[in-house]
Amino acid sequence: MHYKRWARHGDPEVTMVKKECKVAGCERRHFCKGYCEPHYRRMRKEKALEEEINQINQQNKI
Ligand SMILES: [Zn+2]
């Protein structure tokens, strides 16, 4: 997928636009992947936890 690369480098104005966190009601500044820093960290943590649970479930199946 190259569209992300294009979105990043293709139009400098797009990256300069001040974005906000996409979590409803959160007005913090955009940090990464559409989230502010605390929400991004939480999202990553939850995703990591989810992957860990999936791995445990897979291990239990075998
Ligand atoms: Zn947020």
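Just so it is clear, the model here is predicted, and its values are computed rather than measured.

A. Region of the structure containing the confidence of the model for the protein chain. Per-chain confidence: the protein chain averages 82 in pLDDT, with 69% of residues scoring 70 or above. For the protein chain, the element scoring lowest by mean pLDDT is helix α2 (residues 12–16), at 50; helix α3 (residues 37–61) scores highest, at 95.

B. Layout of α3. Taking 1.5 Å of rise per residue, 25 residues should cover 36 Å, and α3 covers 36 Å from first to last C-alpha, within 8% of that figure. Within α3, only zero of the 25 residues are buried, leaving the element largely exposed.

C. Highlighting the environment of H30. Within the secondary structure layout, H30 lies in the loop between α2 and α3. By C-beta crowding, H30 is classed as partly exposed, having 17 other C-beta atoms within 10 Å. Taking C-alpha positions, H30 is 5.1 Å from K19, a pair spaced 11 residues apart along the chain. If we ignore the near neighbours within four places in the chain, the residues touching H30 are K19, E20, C21 and C36.

Definitions and limits used
- Residues numbered from 1 in each chain as written.
- Predicted model: local features only at pLDDT ≥ 70, side-chain atom pairs only at ≥ 80, totals over all residues.
- pLDDT = per-residue confidence, 0-100.
- Helix = DSSP H or I, 4+ residues; strand = E, 2+ residues; numbered from the N terminus.
- Expected span 1.5 Å × (residues − 1).
- Buried ≥ 20, exposed ≤ 12 C-beta atoms within 10 Å, placed from the backbone.
- Contact = placed C-beta atoms within 7 Å.

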